[in-house]
Amino acid sequence: MSTNEIKERIWPAIEILEDLSELRKQAPLTHVITNIVVTNWTANVLLAIGASPAMVIAEEEVADFAAIASGVLINIGTVTKMDANAMRIAATAAKKAGTPWVLDPVAVGALHFRTELAKELLTQKPTVIRGNASEILALAGTVGGGKGVDSTAHSSAALPFAKELSEKTGAIVAVSGEIDYITNGKDTIAVPGGHPLMTKVTGVGCSLGALIASFLGIQKDPLRATVSASAVFAIAGSNAAKESKGTGSFAVAFLDQLSNLSK
Amino acid sequence: MSTNEIKERIWPAIEILEDLSELRKQAPLTHVITNIVVTNWTANVLLAIGASPAMVIAEEEVADFAAIASGVLINIGTVTKMDANAMRIAATAAKKAGTPWVLDPVAVGALHFRTELAKELLTQKPTVIRGNASEILALAGTVGGGKGVDSTAHSSAALPFAKELSEKTGAIVAVSGEIDYITNGKDTIAVPGGHPLMTKVTGVGCSLGALIASFLGIQKDPLRATVSASAVFAIAGSNAAKESKGTGSFAVAFLDQLSNLSK
Amino acid sequence: MSTNEIKERIWPAIEILEDLSELRKQAPLTHVITNIVVTNWTANVLLAIGASPAMVIAEEEVADFAAIASGVLINIGTVTKMDANAMRIAATAAKKAGTPWVLDPVAVGALHFRTELAKELLTQKPTVIRGNASEILALAGTVGGGKGVDSTAHSSAALPFAKELSEKTGAIVAVSGEIDYITNGKDTIAVPGGHPLMTKVTGVGCSLGALIASFLGIQKDPLRATVSASAVFAIAGSNAAKESKGTGSFAVAFLDQLSNLSK
């Protein structure tokens, strides 16, 4: 696939504005099972944009909640054995109930326990898989498409593997990087923008996974929902960087931007 | 109960200033068992105001710590089976030691596991129960007073159920909302103020539960302690909104306000 | 030991600038096992300074990760039984692999469960032990050097016990306080500076432990690495206080300072 076959979606495309407006209207209930580093940040990101986050993590509760939520995120960043069970239950329940769900395979490939878990979760058919280039390469490898991890990989380098991963799993695959690439295996959309400071605040990428789960709750086309979420982050990040003095004030400005975007 | 039977306490009532001053002097050791979304924020809220937060959560440690703390918060927001055991032990120890404790029944009613847990915890006689209108309605239902959850309920609509819950449990019941209502079953005090941005930063309500636990450590009248905590939050929220550009800067300004209040 | 035997390292000592520059160049992979209150903050501190934090906490993963990391922090602040097992495994793996590691014995002495755990962890030979005066006194007591906890202790009062603890364990011991003292049992270095606001934001001390683990990854002399980390914090805290209006804006300014220091 040559680069000029990739469509670019630049803010403010009308579809993105429509989706954002709809998200603010519906405040989709988003079930977030994520790592302990980013729970607070992720909740604040979703509240800022206008979604309704709920972090329900008990084995006893996740199935019921995944069934009533309008979108689910499963992020394996700090997964323990107990969390892994809850994730299996939630993914199974989401699939059964038809709730769209996002898999964020943090650090997959590098560690055996979570790599096996990610493979298992793939069988529950995530609607979207979001990761950085290394993670997408590694995950593609587990389904026979890639050749292991390259921690220095650029998002464009991972694109062929992302397409293969998408074809094998049926999921939209989003590769985060300087440019985000989002593919359904055939069409690929590039979302440029953002700012390097987004990699210097923990959880920005992780919270994008949650935001995608929110957009899936109000936009039935998962490719479009994923693009809208990514574009919202790119513009908020780019704007926030202009008013920041360092990583601390960038995080604050990023939330401010999300809460004011397109108002 | 008619509206004019509700006493309003408007900041700066002299009692509130006295309590705040005493809290700053004593820096009460507050034992916080809360959900993983808001631990960091809650600790920062208590530090800002001048209390001494301590998040001790192990089954092996909570009994000893609840006995030496001057107040305990139990918030079931992200409760797991392991957490539930620690909460039972902590509540039992608090009751036995005479340590005042606050129950925050997050999302009770909506999910079976936590609803059963909340009912169990009620038997350990919380000093204060704090929740939003829906949670108070649901919890009242579990003790025979309410009729299930209404997620769109206003705090005033929950007031009759709050009074009944208070009468049946002996706890002060605080219903958070645009106006906070705090009742001991007979007297009800309304605390106006605050700002809608307080619902757009995760953990503001949850940290109010912790702040009530701190005030219980220095003010023996639990109705007054709960009113003081709520009033402090209302004024800090109202002031912070004036210097905010969005949800991110509101959170920062809210902590700044708490740390400077009445100095 | 008389006060004039303590060497003071005042920023900007050339070694500190060298170490900071090297840390930014190498971005050392720092394995952080810490308490649930400060995970987000700690990750943001390490990202701001230029290190690469990774919070891997599962029993199934910590041994592999401690072996490939360039430094490990183990902080027992909210330890549970499950966490304790992961900590034992991580400490053992770090020792076996020769990965330098930091023990932060939060609230040791006050609670039996964690005190026993800290004693166990000491057998895996931490490279550095960091705590406040009370914690160092208490930990020294567990190895026969001190006389229990004094929660009002000043860092200077703990110094003789810190030296004894260092001699008995072979670890560098860092006592945080108004002045930080860092000792290898013979030489002691005092790091003045900082600001009282650093005690009013949760996790500042805890994240210093993580930063020491990062510096250990790029500086083979553990005394120097610990001094460099402490000095970086002292200057960032002092500068941040000048631009703060309260505890909320101090936390933001502290991260900004870390991300801009010496650029």
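Residues numbered from 1 in each chain as written. Chains lettered and ligands numbered in written order. Predicted model: local features only at pLDDT ≥ 70, side-chain atom pairs only at ≥ 80, totals over all residues. Heavy atoms only, no water.

- Going by the annotation in an unreviewed UniProt entry, the name recorded for chain A is Hydroxyethylthiazole kinase, with Leptospira tipperaryensis given as the source organism.
- In its Catalytic activity (unreviewed entry) section, UniProt records this for chain A: "5-(2-hydroxyethyl)-4-methylthiazole + ATP = 4-methyl-5-(2-phosphooxyethyl)-thiazole + ADP + H(+)".
- Chain A has a UniProt comment under Sequence similarities (unreviewed entry) that states "Belongs to the Thz kinase family." (UniProt positions renumbered as here; feature names shortened; annotations may be inferred.)

1. Topic: the relation of the copies chain A and chain C
Relating one copy of the chain to the other requires a rotation about an axis plus a shift along that axis.
Turning to step 1, where the next piece is worked out: If you rotate chain A by 120° and push it 0.0 Å along the axis, it lands on chain C with an RMSD of 0.0 Å. Look at the turn and shift together and you get a three-fold axis relating the two. Among all residues of chain A, the minimum C-alpha distance to the rotation axis is found for I36(A), at 4.0 Å.
Turning to step 2, where the next piece is worked out: Mapped onto chain C, only 9% of the interface residues of chain A again fall at the interface, so the copies present different surfaces. (Least-squares fit on C-alpha atoms with pLDDT ≥ 70 in both. Contact = heavy atoms within 4.5 Å.)

2. Comments concerning the interface of chain A and chain B
Turning to step 1, where the next piece is worked out: Contacts between chain A and chain B engage 22 residues on the former and 22 residues on the latter.
Turning to step 2, where the next piece is worked out: For the chain A and chain B pair, buried surface summed over both sides reaches about 1,900 Å², with 61% attributable to carbon and sulfur atoms.
Turning to step 3, where the next piece is worked out: The three residues of chain A that bury the most area against chain B are L47(A), E60(A) and E61(A), which together make up 27% of that side's buried surface.
Turning to step 4, where the next piece is worked out: For the interface between chain A and chain B, the tally reads two salt bridges.
Turning to step 5, where the next piece is worked out: For E60(A), the salt bridge is made with K81(B), and the minimal N-O distance between the two is 3.6 Å.
Turning to step 6, where the next piece is worked out: Counting across the interface, chain A meets chain B through 10 residue pairs in polar contact (both at pLDDT 80 or more).
Turning to step 7, where the next piece is worked out: Residues of the side of chain A that touches chain B, tallied by class, amount to 12 nonpolar, five polar and five charged. (Buried area = accessible area lost by both parts, 1.4 Å probe. Salt bridge = Lys/Arg side-chain N within 4 Å of Asp/Glu carboxyl O. Polar contact = N/O pair within 3.5 Å; in protein donor to acceptor, adjacent residues only side chain to side chain. Nonpolar A, V, L, I, M, F, W, Y, C, P; charged D, E, K, R; others polar.)

3. Some points on the UniProt feature "binding site: ATP" (unreviewed entry) in chain A
Residue and element names in this part refer to chain A.
Turning to step 1, where the next piece is worked out: In this structure's numbering, the residues bearing the UniProt feature "binding site: ATP" (unreviewed entry) are R130 and S176. These annotated residues cover 47 residues of sequence, but their C-alpha atoms sit close together, with the largest distance between any two at 7.3 Å.
Turning to step 2, where the next piece is worked out: Mapping R130 onto the fold places it in strand β6 (residues 128-132).
Turning to step 3, where the next piece is worked out: Among the residues examined, S176 registers a relative accessible area of 17% and is labelled buried.
Turning to step 4, where the next piece is worked out: Ignoring any residue separated from it by four or fewer positions in sequence, one finds S176 in contact with R130, G131, N132, A133, S155 and L208.
Turning to step 5, where the next piece is worked out: Here R130 takes part through its side chain, which lies 2.6 Å from a polar atom of the side chain of S176. (Helix = DSSP H or I, 4+ residues; strand = E, 2+ residues; numbered from the N terminus. Buried < 20%, exposed > 50% of the residue type's maximum accessible area, 1.4 Å probe, protein only.)

4. Brief notes about the interface of chain A and chain C
Turning to step 1, where the next piece is worked out: Taken together, the contacts link 22 residues of chain A with 22 residues of chain C.
Turning to step 2, where the next piece is worked out: Seen at the junction of chain A and chain C, the total is two salt bridges.
Turning to step 3, where the next piece is worked out: Among the salt bridges present, the one from R114(A) reaches E61(C), with a minimum N-O distance of 2.6 Å.
Turning to step 4, where the next piece is worked out: Inspection of the region where chain A meets chain C yields 10 residue pairs in polar contact (both at pLDDT 80 or more).
Turning to step 5, where the next piece is worked out: Breaking the side of chain A that touches chain C down by element, the ones donating at least two residues are α5 (112-122) and α10 (247-260) of chain A.

5. Structural notes on the environment of P192(B)
Residue and element names in this part refer to chain B.
Turning to step 1, where the next piece is worked out: The residue P192 is located in the loop between β9 (188-191) and α8 (204-216) in this model.
Turning to step 2, where the next piece is worked out: Here P192 falls in the partly exposed class, since its relative accessible area comes to 23%.
Turning to step 3, where the next piece is worked out: Along the chain, P192 and T78 lie 114 residues apart, while their C-alpha atoms are 29 Å from each other.
Turning to step 4, where the next piece is worked out: Apart from the residues within four sequence positions on either side, P192 is in contact with E8, R9, I10, I179 and A234.

6. Here's the deal with the packing of aromatic side chains
Turning to step 1, where the next piece is worked out: One pass over the full model with this rule turns up nine aromatic pairs over all chains.
Turning to step 2, where the next piece is worked out: Both rings, one in W41(C) and one in F254(C), keep their centres 6.0 Å apart while their planes meet at 15°; by these two values the pair is stacked. Of this pair, W41(C) sits in helix α2 (residues 39-49) while F254(C) sits in helix α10 (residues 247-260), and the two are 213 residues apart along the sequence.
Turning to step 3, where the next piece is worked out: A ring pair is formed by F233(C) and F254(C), whose centres lie 5.0 Å apart and whose planes are at 90°; its orientation type is edge-to-face. Note that F233(C) is positioned in helix α9 (residues 222-242) and F254(C) in helix α10, a separation of 21 residues in sequence.
Turning to step 4, where the next piece is worked out: The exposure class of F233(C) is buried, given its relative accessible area of 2%.
Turning to step 5, where the next piece is worked out: Judged by relative accessible area, F254(C) falls into the buried class, the value being 0%.
Turning to step 6, where the next piece is worked out: Grouped by ring-pair contacts, the aromatic residues W41(A), F233(A), F250(A) and F254(A) constitute a single cluster. (Phe/Tyr/Trp six-rings, centres within 6.5 Å; stacked < 30°, edge-to-face > 60°.)

7. Some details on the pairing of strand β2 (residues 29-33) of chain C
Residue and element names in this part refer to chain C.
Turning to step 1, where the next piece is worked out: Of all five residues making up β2, four are buried, and the element is well covered by its neighbours.
Turning to step 2, where the next piece is worked out: Handedness of the crossover joining β2 and strand β3 (residues 52-54) through α2: right-handed.
Turning to step 3, where the next piece is worked out: One ladder, built from four bridges, connects β2 with strand β4 (residues 71-75); its direction is parallel. If you follow V32 over to β4, its bridge partner there is L73. (Right-handed = clockwise from strand over helix to strand, strands pointing away. Pairing = 2+ DSSP bridges.)

8. Description of the sheet that holds strand β1 (residues 7-8) of chain B
Paired through backbone hydrogen bonds, the strands of a sheet run either parallel or antiparallel to each other.
Residues and elements named next belong to chain B.
Turning to step 1, where the next piece is worked out: Taken in spatial order, the nine strands make up an open sheet running β1-β9-β8-β7-β6-β5-β4-β2-β3, and their pairing is mixed. Strands at the two margins of the open sheet, each flanked by one partner only, are β1 and β3 (52-54).
Turning to step 2, where the next piece is worked out: Bridge analysis of strand β5 (residues 101-104) against strand β6 (residues 128-132) gives two bridges, and the strand direction is parallel. Bridge assignment links L103 to a residue of β6, and that residue is I129.

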